[in-house]
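Structural description and commentary
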Amino acid sequence: MQGVDPAWLPDGAFRPIGTRRTLIRGTGPLVDTVRGEVTEACARFGGAVVQDDPDLVLELTGEDDGGEAFTCGRRDGCTTVTATGARGLLYGFFHVVRLGEAAFLGETEPQHHRPELALRMLDHWDNVAVHPVMGQVERGYAGGSLFWADGRARGDLERVRAYGRLLAACGINAVAVNNVNVHAAEARLLTDRIGEVADIAGALRPYGIRTHLSVTFAAPVVLGGLETADPLATEVREWWAGAAARVYAAIPDFGGFVVKADSEGQPGPFAYGRSHADGANMLAAALAPHGGTVHWRAFVYDHRQDWRDRSTDRARAAYDHFVPLDGEFADNAVLQVKHGPMDFQVREPVSPLIGAMPGTRLAVELQATQEYTGQQRHVCWLGPMWSEVLRCEIAEGSPVGALARGGLVAVSNVGDDLFWTGHPLAQANLYTFGRLAWEPGADPHRILDEWIRLSFGAGPGSGPAAGLRSILDGSWRTYEKYTAPLGVGFMVQPGHHYGPSVDGYEYSPWGTYHFADRDGVGVDRSVASGTGYAGQYAKPWAELYESPETCPDELLLFFHHVSYDHMLKSGKTVIQHIYDTHFEGVAEVEAAREVWGSLVGLVDPARHARVAERFEEQLRSAREWRDQVNSYFFRKSGVPDERGRRIY
Ligand code: GCV
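Position numbers for residues start from 1 in each chain and track the written sequence from start to end. The model is predicted, so local features are restricted to residues of pLDDT at least 70 and side-chain atom pairs to those at 80 or more, both for listing and for counting; the totals for chains, interfaces and linings are taken over all residues. Neither water nor hydrogens contribute to the side-chain values; these are computed over all heavy atoms in the structure.

1. Details of the nonpolar core
So the rule is basically this: For the purposes of this section, nonpolar cores are sets of buried Ala, Val, Leu, Ile, Met, Phe, Trp, Tyr and Cys residues that join through side-chain atoms within 4.5 Å. The cut-offs for exposure are 20% and 50% of the maximum accessible area for each residue type, with area from a 1.4 Å probe on protein chains only; residues under the lower value are buried, those over the upper are exposed, and the others partly exposed. Helix and strand labels come from DSSP, where a helix needs a run of H or I of at least four residues and a strand needs a run of E of at least two; each type is numbered from the N terminus. Any pair of residues with heavy atoms lying within 4.5 Å of one another is described as a contacting pair.
In this structure, W8 and W240 are the most contacted members of the largest nonpolar core, which totals 206 residues. In terms of residue count, the dominant contributor to this core is helix α19 (residues 574–598) (nine residues). When near neighbours in sequence (up to four residues on either side) are disregarded, W240 contacts L190, V215, T216, F217, A219, P220, F257, M282, L283 and A286.

In structure tokens, the structure reads:
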């Protein structure tokens with residue numbers, strides 16, 4: 001652990017508590033965690049855990065009811081946190097850490113805090129064995145796995161415990177410890193290797209985090225020796241029931257399974273002529289006696305499409321597959337839906353599926369790992385994008401944050417890197433995710449300021465805070481500016497997805513096309529003349545997206561194929577917008593790099609050096625994006641930049 005970045009829990013964050021007298025009431029493992037935290041802080045800063053005359057009371061009132069809520073207020077010189085559940089007490093403790101000195105000033109009426117979403121989960125796409133193509137962590141940009149090394153669970157789980165602590169401090173309460181693409185070694189975590197999962201669960205448990213496991217739908221065949229994995233076959237159902245019982249014997253508070261089925265080559269119920277509700281419900285039945293949940297992913301599409309076929313539209317796939325099944329899923333089956341219809345692009349509309357399954361518990365999946373947003377070599381704080389998604393009223397009167405009754409999930413961006421996330425500033429994404437999962441309507445900029453203050457120890461306007469805010473605040477839009485324009489997506493290098501290749505996926509089977517020709521660019525997804533995808537939305541979205549006249553600029557090429565001289569609402573033509581944003585995006589990276597340079601001396605040297613090095617790469621890559629995208633569209637269209645800048 002030596003030398004590992006403390007992220008948003010530096011020692012200094014505990015000084016306000018550590019200098020005070022704290023009374024802790026209650027018993028149980030999580031109360032012990034809180035007591036241990038306070039005792040350690042006091043040993044460092046001179047305060048004490050006391051029985052009387054406290055400055056701070058942390059109290060579990062009565063029997064632990066499992067709740068996560070807490071109440072915090074201050075009266076007569078004493079700050080009080082009460083909770084009816086031990087998890088609530090833990091979150092109340094971290095609430096006081098976040099408040100810092102402010103927790104001990106003046107008087108405050110008791111305020112009740114409660115997470116809006118019960119499940120706040122990180123999915124790790126970690127492989128146990130290093131995969132020949134995908135490596136140890138699929139789409140991982142922060143070193144190796146925190147959980148797995150040398151083909152097995154790490155022996156030293158101190159770092160895992162520290163990870164659990166960081167996650168609890170931003171409100172996350174569940175972790176899936178292996179990749180949804182379940183390879184041969186990883187499949188066995190469910191059976192003879194469950195002890196390794198139990199060890200990891202043991203390290204996360206003291207911070208209120210439940211462990212989940214990705215499993216292969218073919219497990220009865222590949223592990224159980226059965227001839228079929230048909231979800232309606234009795235022997236298959238019995239096999240899963242037995243497997244689940246053995247998992248719970250090893251991990252009594254196990255969260256449940258995560259399943260990627262019939263997706264990108266993973267096995268699923270289609271092979272047996274069964275529906276995805278049949279598949280999910282079979283696993284739900286196996287988990288139900290133990291209180292577990294199955295997270296069934298909706299990322300189902302044809303990844304072997306013929307690029308010549310203009311009628312198949314990958315964006316339609318999840319809705320087409322799952323909406324007819326609404327109401328058929330068991331209560332403990334959660335359908336986990338990516339926030340956009342494609343695949344974590346820098347700009348996508350909200351998936352229409354989220355508003356179209358009122359009879360199904362949905363979880364919404366975000367991607368903290370920056371597969372398509374700079375791979376943690378580029379600064380790209382995703383808070384504003386996620387917030388836009390969560391606040392979007394995709395069904396009348398219901399924002400996505402409220403429709404995600406099954407929880408909010410993010411693909412983790414953490415590995416065994418000293419800075420946890422490779423790019424130290426990518427920690428802001430992890431923190432923001434946790435806080436938004438707790439309160440989906442929260443202002444992401446307030447969360448950013450909180451993260452900066454905790455991680456860099458300075459209030460707004462002082463120290464590095466203003467500089468950090470200016471670097472991070474608009475970084476998502478900056479990234480959008482120098483990459484694929486106006487919602488069209490992709491244009492990345494095939495396979496690893498880093499850096500530009502405008503036609504990289506244009507003639508591929510993956511269903512991710514931009515259809516640029518000499519006259520125009522974009523995908524016609526209208527009902528009138530295109531794939532009909534726009535019609536999957538309810539009003540007002542269906543009408544808004546249907547016409548290029550009303551479609552928001554930033555999504556124009558997602559929904560429409562338009563000519564290069566099409567006039568945007570901004571008053572620019574599409575082609576001029578492409579040129580301008582690409583020049584602007586690079587200029588913004590140059591400016592951010594300058595700001596970072598000016599923070600030397602205000603940020604610890606190791607962190608400063610790591611970010612400085614990443615900025616060099618971001619700038620190189622942004623210039624490459626600018627020049628390839630601008631040259632591509634100049635050559636296709638023949639339209640010169642009205643400002644005469646250099647295009648190749
Ligand atoms: C884990 C994208 C990624 C894959 C990932 C998949 C998914 O296609 O490129 O690496 O697989 O999404 O979400 O299942």
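2. A few points about the site of the ligand
Here is the rule: The nearness test applies per residue and asks whether one of its heavy atoms lies within 4 Å of the molecule or strand. Whenever two N or O atoms come within 3.5 Å, that pair is a polar contact, provided that in protein one can donate a hydrogen and the other can accept it, and provided that, for residues adjacent in sequence, both atoms are side-chain atoms. Throughout, the Shrake-Rupley method with a 1.4 Å probe supplies accessible areas, and for residues the shown protein chains are the sole cover considered.
Neighbouring the ligand are 14 residues, the closest being E138, K260, R297, K338 and E371. Between an oxygen atom of the ligand and a side-chain N or O atom of E138, the distance comes to 2.5 Å. In this structure, E264 approaches the ligand through a side-chain N or O atom, which is 2.9 Å from an oxygen atom. Calculation on the ligand without its partners gives an accessible area of 340 Å², and the protein chains cover 97% of this total.

3. Considerations on the UniProt feature "active site" (unreviewed entry) in the protein
Which entries qualify depends on this criterion: UniProt positions are given in the numbering used here, feature names are shortened, and annotations may be inferred rather than shown by experiment.
According to UniProt, the "active site" (unreviewed entry) feature falls on E264, D343 and E371. Note on placement: E264 falls in the loop between β14 (256–259) and α9 (276–287). Note on E264: relative accessible area 25%, which makes it partly exposed. Looking at E264, its side chain comes within polar contact range of the side chain of K260, at 2.8 Å. Relative to the helices and strands, E371 is located in the loop between β17 (362–367) and α11 (383–391).

4. A short note on the environment of A219
Mapping A219 onto the fold places it in helix α7 (residues 219–222). Given the relative accessible area of 0%, A219 is considered buried. In this view, A219 contacts L190, G224, W239 and W240; residues no more than four positions away in its chain are not counted.

5. A few points about the pattern of salt bridges
As a reminder of what qualifies: Between Lys or Arg on one side and Asp or Glu on the other, a salt bridge is scored when a side-chain nitrogen of the former is within 4 Å of a carboxyl oxygen of the latter.
In this structure the tally under the stated criterion is 41 salt bridges. Across the pair R44 and E40 runs a salt bridge whose closest N-O atoms are separated by 3.2 Å. Within this pair, R44 and its partner E40 are both found in helix α2 (residues 29–45), separated by four residues, close to a single helical turn. Notably, a salt bridge pairs D343 with R314, separated by 3.5 Å at the nearest N-O pair. With D343 in the loop between β16 (333–338) and β17 and R314 in the loop between β15 (293–297) and α10 (317–322), this pair connects stretches of sequence that are 29 residues apart. The residues D343 and R314 share a single accessibility class, namely buried. Overlapping salt bridges, with partners in common, bring together R347, E388, R477 and E480 in one network.

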